[in-house]
Each structure stands twice: as C-alpha cells, then as structure tokens.
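# Notes for the structure review
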Amino acid sequence: MHATLLILFCSGFLAPDGAQNPRPAQRVDTSTGIVIGTAVGSDGDFSVVAYSQGDPYSTRILASCSDGRGLTWSAPVPVDGGFFNAHSLLAIDSVSVAGDRAYVYWRDQRHGPNADEIYFNFSPDRGASWVGERRLDKGRAIGSGYVQFSAMAVSPEAGGADHVYVLMSVVPAPGAKRELVLAASHDGGVSFQPSTRVGALGAGTADVNGIGLAAQGQRVHVVWADDRVGTERGVYYQVSNDGGLSWLPADLRLDTTQASTVGNADQSVVIAARGSRLLVVWNDRDAGATSHDLRFNHSSDGGLSWDGDQQFGDAIPGVDDTRFPQLFLNDDAMVVAWEDDREGVDNVFVAVSTDLGVSWKSTQLSQGSGIFPRLASDPSSDTIALSWSGFYAPSPAFASLGLASGRSWTPAFELSDNLADVDTSSLAMNPRYGNFIASWMAQEPCDNHTYTGGFRAATLRLSGAPSAGQPLHFEFHYFQPQAASHAMVVASGGLGQARLPGGDGRVLGLRDDPILRASLANPGDLIARIGTDGSGSTADRPWPARLPVGTSVYFVAVGLDPATGAFGDLSDVVHAMVE
C-alpha cells in the first residue's frame with residue numbers, strides 16, 4: 001500500500017448496511033403561498049426545479065437551478081409573465097433539460113375558467129436568462145376550446161437546435177369530443193411550426209382521453225385512448241417522421257386481444273422509445289368490471305409492427321385496481337411501475353422484463369401504502385430509481401433503487417426528511433453524476449413548500465471496527481460494471497471543488513490536497529473489481545493509528561477502468577472521524 005494512503009485507515013464512519021444515503025432536504029421557494037405542483041429535470045451539469053406557487057386564485061411558475069449534482073440551488077426566478085389571476089398548473093413532465101438548455105411548459109387559466117391554454121418558456125444558458133413565455137397554438141383561437149391533458153418530449157440535437165414537442169388534448173367546445181393536437185419546435189423552442197391534428201379521424205369523430213408522447217429526433221410517437229368504436233375506449237398509435245407535419249394515413253389500434261377490445265382504456269396511456277423498440281402500457285377495464293388491469297404492447301421495429309397486447313403484473317384481473325403506470329426502457333430491460341389496491345389500500349409495485357415482455361418479475365416496493373410512483377433513469381444506465389408518497393398523512397416521500405438488468409430493488413428508504421406530509425414527488429436522473437434529483441411538495445403549517453433532495457446510486461461504505469489493529473475494508477455498491485470494471489477510494493482532508501483529472505472534469509466535492517493527489521495517483525489496495533451486480537470490496541487490512549483522534553477525513557468512491565484510465569461512477573462524499 002502506498003504510504004500516504006495509510007491515513008485513509010485512520011477513520012471510520014457509520015452508514016446503514018446496504019442502504020442509500022439521501023441528502024438533507026433543501027427548501028427551494030422563498031416566498032409565502034401554497035405550492036401546487038413541482039417538476040424537475042437534469043442533464044449534463046445543469047438541473048432545474050420548477051414549481052407553481054400562490055393562492056387558489058392566482059399562481060406563478062418559478063424555477064430554481066443547480067449544477068448536475070443538485071446540491072445547492074439558486075434563488076427562484078419567475079418563468080411566466082406574471083399575469084394577474086392566472087391559475088397555472090405544472091405536469092410531472094413540465095421540465096426537460098438538454099445540456100445547458102431548460103424547457104418548461106404549464107397549463108394556464110389566465111383567460112378564464114375552462115379556457116386553459118398551454119404556455120412555454122426556455123432558458124438557453126443554464127438558467128442565467130429566460131427568453132420569455134409564449135402561448136402554444138392548440139389549433140383554435142384563445143377562448144375557443146381549452147386544453148385538458150398535455151405531455152412534453154424533448155429530443156436533444158447538436159448545437160442546441162433541440163426538437164421540442166407538446167401534445168395537447170383539446171376540448172373544442174363544452175360537451176364536444178376532445179381532439180389531439182401537437183405543437184413542435186425544431187430550433188430549441190425559438191419558434192414553433194403551426195400545430196397539427198394527430199390521427200386519421202376527422203374532428204368530432206372520437207373523444208380522446210389518455211395521451212402519451214415519445215420523440216427521437218423528428219420521429220414522433222403518439223398514443224392515446226378514444227371511443228371511436230362506441231362507449232368503450234381503445235388504444236391507438238400514430239407516428240410522424242417529419243417532426244409532426246404529417247402522420248400515417250390510418251391509426252393503428254394496439255389493444256387487439258378479445259380481453260382488451262371489450263374493455264375500456266382509461267386516462268393512463270404511456271409510451272417509451274429506445275432505438276427501434278417501443279413500449280406502450282395502459283390501464284384497461286374489462287366490460288362490466290370496476291377495476292383496471294395493466295396491459296402492454298411492444299414493437300421491435302419502430303412501430304411498423306406490434307407483438308400483440310398482453311396483461312402483465314401479478315394483480316388479479318377484475319379484482320385488483322391498477323393505476324398511474326410509469327415506464328422506462330433501455331437496451332436490456334422494460335420497467336413498469338404502478339399502484340394498485342390488492343391489499344385494501346394502494347401500494348407501489350414495479351415489474352421488470354429482460355426478455356421483451358415474455359416474462360416479468362414483480363416487486364412490491366411500498367409497505368403500508370404508496371401512491372403516485374415516479375420512475376427516473378437514463379437509457380444509457382442500468383440503475384433506475386422510483387419515488388412515491390404515502391397515502392396516510394403525515395407521510396414522507398420514499399424511494400427505492402434498482403438494477404434493471406438484475407431485476408432487483410433496495411428496500412424502501414425515506415427520501416424526504418423535513419418532517420412534513422409529502423403530497424407528490426418528482427424525480428429525474430442526471431447521467432453525468434449518476435444523481436437522482438427529487439423535488440416534492442411538503443404540507444407545513446399555513447403553506448405548502450417546495451423541497452429538493454436526492455441520492456446517488458453508487459455507494460461507498462466502510463466495514464470494520466475503527467480500532468487500531470482491527471481488520472476493515474471498503475465496500476462498493478450499485479456501480480455500473482459496464483462503465484468501469486473497478487472502483488477505488490480517493491480521500492482528502494477537507495471538502496472542496498477538486499475535479500477528476502484527464503479531461504473528465506466532474507467535481508469530486510473534495511479539497512485538492514496531497515492526500516487526494518496521492519490517492520488518485522496510486523490507489524494501492526484501495527481498489528476492487530466490480531461484479532456484475534455492481535458491488536465489490538477491498539481486502540481486509542488492519543486499522544493503523546496515524547492521525548490524531550478527532551481528525552476529519554472525506555472519502556469518495558470512483559469507478560475506474562485500469563486499462564484505459566477512464567473514470568466511471570462517483571459516490572457521494574462520506575465523512576469519517578478518526579477515533
């Protein structure tokens with residue numbers, strides 16, 4: 001072992017065995033008033049939390065920014081125009097971040113009740129400035145109809161000319177059937193082309209309900225439920241290959257089995273896209289039943305053909321009621337989360353398939369109760385996180401971390417620590433740092449407030465007694481072996497802004513001092529191979545006593561490929577005190 005690194009074994013820290021270590025909650029909003037909703041997005045070295053705050057009659061949309069770590073947040077700034085008596089509402093997908101650019105949309109009632117319009121704003125410079133709000137065309141003039149459901153998808157493009165799509169379900173007049181409209185920008189939100197109707201049916205032919213959206217460059221995938229064949233709703237798919245200008249001449253129906261064609265798809269229809277693979281999930285109520293089943297359909301050729309819809313999950317059809325499905329799709333796995341009432345109260349479940357939907361492994365994540373699941377990951381990552389709230393107040397926000405390919409999940413842990421009841425949470429992953437960044441509304445005396453928190457998948461802990469001569473070792477958990485074959489421990493005598501060398505540039509959170517430089521240059525025995533499950537352990541070594549009792553040392557675990565010198569995952573900073 002390198003002599004300088006001996007000081008690493010002069011300290012110890014306490015960490016729950018095998019558990020993640022969520023960060024302390026931070027309040028983001030700085031004014032009085034009720035927070036109605038929050039949304040979060042993160043990419044590169046940039047994160048954004050937006051929230052709606054005010055009173056029941058007038059609200060503002062505000063945003064706060066951070067780097068890719070999400071540790072500290074800027075003072076909130078308004079992103080709407082401040083129209084008096086505007087009642088503004090965010091959706092769970094209201095924030096999207098691509099590189100240094102942030103996109104925010106919301107539903108706004110400034111033109112009166114039942115006159116909801118979609119407004120949009122973006123920042124091209126990591127939140128330093130916001131271009132200004134604009135109303136998105138819904139295919140009808142202001143005051144003529146209103147938007148009821150919406151969804152946004154952003155497909156990043158080199159040079160910042162991102163493709164931004166907002167899908168809207170529009171009620172053209174009281175009592176009329178809802179239409180489906182897409183607004184599209186191909187220059188990063190600077191301008192939007194005239195909105196187009198989605199689907200092959202004419203206006204007033206079918207009533208659109210649940211809607212879902214996914215985008216890959218100028219290829220746009222849309223799913224929805226409508227009642228064109230009667231009172232029961234079917235699930236339909238459309239695709240545009242030119243950024244929303246034109247669509248297929250016929251809508252493709254995805255609920256094709258007898259069990260689903262006599263059923264009724266409700267408001268939850270969601271889609272995920274990865275390369276040529278598409279996954280669509282919806283809730284379906286069998287004819288005469290009062291509960292909903294989960295069904296899915298999958299395409300391996302970009303939507304040209306589909307495998308056929310199937311029921312999945314281990315809820316009992318016609319008995320257990322499933323709601324609010326959430327999707328994630330990467331190269332190895334399909335992941336679906338939902339809530340159902342099989343235990344007499346809603347709980348959160350997740351199912352993973354690694355064989356294109358042939359088989360699924362289901363896991364119950366919440367205990368006691370769980371509602372409003374939120375999934376977050378990145379298609380390039382195998383780690384995925386799920387957050388939810390409890391049904392009974394007061395309840396914190398909870399989370400669980402999983403490996404999609406391994407179909408395994410950690411026990412639930414508390415994500416929020418601000419001792420107030422959490423209504424809903426929003427979750428995003430920052431792929432640069434492997435951070436899961438969360439925002440939530442907390443009910444506190446008089447007002448609701450917006451908080452942020454989060455955790456990293458990659459976790460470091462020390463196993464052993466902090467006593468001279470006693471064996472101890474470092475353990476690594478939830479590292480991605482495909483990113484780096486090994487993990488190593490680096491250390492410093494203090495906190496700071498030191499960055500990984502070699503052009504990587506990520507902030508370690510450690511002070512640049514001789515301890516850090518030595519541990520980066522020669523990891524010695526403080527390195528271990530990472531197994532296929534993302535875990536590893538250094539060898540046991542006796543605990544030497546070289547630093548004075550009470551000295552602080554700070555540790556970070558770093559993924560490393562010894563052959564190339566490339567770095568992988570980073571853990572959060574762990575503090576240790578010499579005993």
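Residues numbered from 1 in each chain as written. Predicted model: local features only at pLDDT ≥ 70, side-chain atom pairs only at ≥ 80, totals over all residues. Heavy atoms only, no water.

## Overview of the overall build of the protein chain
Each helix and strand counted, the protein chain has two helices and 43 strands in total. Summarising its shape, the C-alpha atoms of the protein chain cover approximately 80 × 50 × 45 Å along the three principal directions. Among the 579 residues that make up the protein chain, the fraction classed as buried is 58%. Of all intrachain contacts in the protein chain linking residues separated by at least 6 positions in sequence, the fraction that spans at least 24 positions is 54%. Of the roughly 21,300 Å² of accessible surface on the protein chain, a fraction of 53% belongs to carbon and sulfur atoms. Computing the positive centroid from 38 side-chain charges and the negative centroid from 63, the protein chain places the two 4 Å apart. (Helix = DSSP H or I, 4+ residues; strand = E, 2+ residues; numbered from the N terminus. Buried < 20%, exposed > 50% of the residue type's maximum accessible area, 1.4 Å probe, protein only. Contact = heavy atoms within 4.5 Å. Areas by Shrake-Rupley, 256 points an atom, 1.4 Å probe, with all protein chains shown as cover. Lys, Arg positive; Asp, Glu negative; His and termini not counted. Charge placed at Lys NZ, Arg CZ, Asp CG, Glu CD.)

## Regarding the confidence of the model for the protein chain
When pLDDT is averaged across the protein chain, the result is 88; 94% of the residues are at 70 or more. When pLDDT is averaged over each element of the protein chain, strand S7 (residues 95-98) comes out on top at 98 and helix H1 (residues 258-261) at the bottom at 69. Low pLDDT, under 50, characterises residues 1-18; the predicted model gives this stretch 59 contacts beyond four residues in sequence or across chains. (pLDDT = per-residue confidence, 0-100.)

## Points about the sheet that holds strand S13 (residues 179-185)
Strand order in the open sheet made by the four strands is S11-S12-S13-S14, with antiparallel pairing throughout. Lying at the two open borders of the sheet, with one neighbouring strand each, are strand S11 (146-155) and strand S14 (193-197). With direction set aside, neighbouring strand axes in the sheet form an average angle of 20 degrees. Note: S13 against S14, three bridges, orientation antiparallel. Considered in S14, the bridge of Leu-182 is made with Thr-196. (Pairing = 2+ DSSP bridges. Axes fitted to C-alpha atoms, helices over the stretch in contact; angles between N-to-C directions.)

## Some points on the side chain of Arg-69
Position of Arg-69 relative to the elements: it lies in the loop between strand S4 (58-66) and strand S5 (77-78). Those residues in contact with Arg-69 that sit more than four places away from it in its chain are Arg-23, Tyr-433, Asn-435, Ile-437, Arg-456, Gln-497, Val-507 and Gly-509.

## A short note on the pairing of S7
The two faces of S7 match: Val-95 and Val-97 on one face and Ser-96 and Ala-98 on the other face are all buried. Connecting S7 to the next strand, strand S8 (residues 101-108), in antiparallel fashion are two residues, including Gly-99 with a positive phi near 65 degrees.

## What about empty space enclosed by the protein?
On inspection of all chains with the given rule, the structure shows two cavities of 30 Å³ or more. In terms of lining, the largest cavity is formed by 19 residues, of which the most central are Arg-197, Val-198, Leu-201, Ala-206 and Val-208. Class assignment of the residues belonging to the lining of the largest cavity gives a composition of eight nonpolar, four polar and seven charged. Its volume calculated, the second largest cavity comes out at about 50 Å³. (1 Å grid on protein atoms, 1.4 Å probe; cavity = no way out; pocket = protein on both sides within 12 Å on 5 of 7 lines; lining within 4 Å. Points joined across faces, edges and corners; volume = space filled by probe spheres on them. Nonpolar A, V, L, I, M, F, W, Y, C, P; charged D, E, K, R; others polar.)

## Digging into the packing of aromatic side chains
The full count for this structure, using the stated rule, is 19 aromatic pairs. Aromatic pair Phe-296 and Trp-360: ring centres 5.2 Å apart, planes at 70 degrees, arrangement edge-to-face. Here Phe-296, found in strand S21 (residues 293-299), pairs with Trp-360, found in the loop between strand S25 (347-353) and strand S26 (361-364); they are 64 residues apart in sequence, far enough to count as distant. Residue Phe-296 is classed as buried on the basis of its relative accessible area, which comes to 1%. Judged by relative accessible area, Trp-360 falls into the buried class, the value being 19%. Joined through ring pairs, the aromatic side chains of Phe-296, Phe-312, Trp-338, Phe-349 and Trp-360 make up one cluster. Seen from the ring of Tyr-119, Arg-110 lies directly overhead, with NZ or CZ sitting 3.9 Å from the centre. Seen from the ring of Phe-349, Arg-342 lies directly overhead, with NZ or CZ sitting 3.8 Å from the centre. (Phe/Tyr/Trp six-rings, centres within 6.5 Å; stacked < 30°, edge-to-face > 60°. Lys NZ or Arg CZ within 6 Å of the ring centre and 35° of its normal.)

## Some details on the sheet that holds strand S19 (residues 264-274)
Taking strand neighbours across the sheet as the criterion, the four strands line up as S19-S20-S21-S22 in an open arrangement whose pairing is antiparallel. What marks the edges here is a single partner per strand, and that holds for S19 and strand S22 (310-311). Looking at chain direction, S21 and S22 are connected through two bridges and run antiparallel. Within the sheet, the bridge partner assigned to Phe-296 lies in S22 and is Gln-310.

## So, the pattern of salt bridges
Counted by the stated rule, this structure contains 29 salt bridges. Between Asp-346 and Arg-323 there is a salt bridge whose closest N-O contact spans 2.3 Å. One end of the pair, Asp-346, is in the loop between strand S24 (334-340) and S25; the other, Arg-323, is in strand S23 (residues 322-329), and 23 residues separate them in sequence. Taking the shortest distance from any N to any O, the salt bridge between Asp-572 and Arg-456 comes out at 3.6 Å. Of the two residues, Asp-572 sits in the loop between strand S42 (567-570) and strand S43 (574-577) while Arg-456 sits in strand S34 (residues 448-456), which places them 116 residues apart along the sequence. You can call Arg-456 buried: its relative accessible area is 5%. Because the salt bridges share partners, they merge into one network encompassing Asp-321, Arg-323, Glu-339 and Asp-346. (Salt bridge = Lys/Arg side-chain N within 4 Å of Asp/Glu carboxyl O.)

## As for unusual backbone geometry
With phi around 55 degrees, Asn-114 is a residue other than glycine that occupies positive phi space. Phi at Leu-356 takes a positive value of approximately 60 degrees, unusual for a residue other than glycine. Positionally, Leu-356 belongs in the loop between S25 and S26.

## Things to note about the environment of Ser-359
With respect to the helices and strands, the residue Ser-359 is situated in the loop between S25 and S26. Taking the C-alpha atoms as reference, Ser-359 lies 9.6 Å from Gly-313; in sequence the two are 46 residues apart. Not counting chain neighbours up to four residues away, the residues in contact with Ser-359 comprise Val-352, Ser-353 and Arg-407. A polar contact is formed between the side chain of Ser-359 and the side chain of Asp-355, at a distance of 2.6 Å. (Polar contact = N/O pair within 3.5 Å; in protein donor to acceptor, adjacent residues only side chain to side chain.)

## Overview of the nonpolar core
Nonpolar side chains tend to gather and get buried jointly when the protein is soluble and globular. The biggest cluster of nonpolar side chains holds 20 residues, and the ones touching the most others in it are Ala-385, Leu-401, Leu-415, Leu-427, Phe-436, Trp-440 and Phe-455. Elements with a minimum of two residues in this core: strand S29 (397-403), strand S32 (421-430), strand S33 (435-443) and S34. In this structure, Leu-460, Leu-472, Ile-530 and Val-553 belong to the second largest nonpolar core, which totals 18 residues. (Core = buried A, V, L, I, M, F, W, Y, C linked by side-chain atoms within 4.5 Å.)

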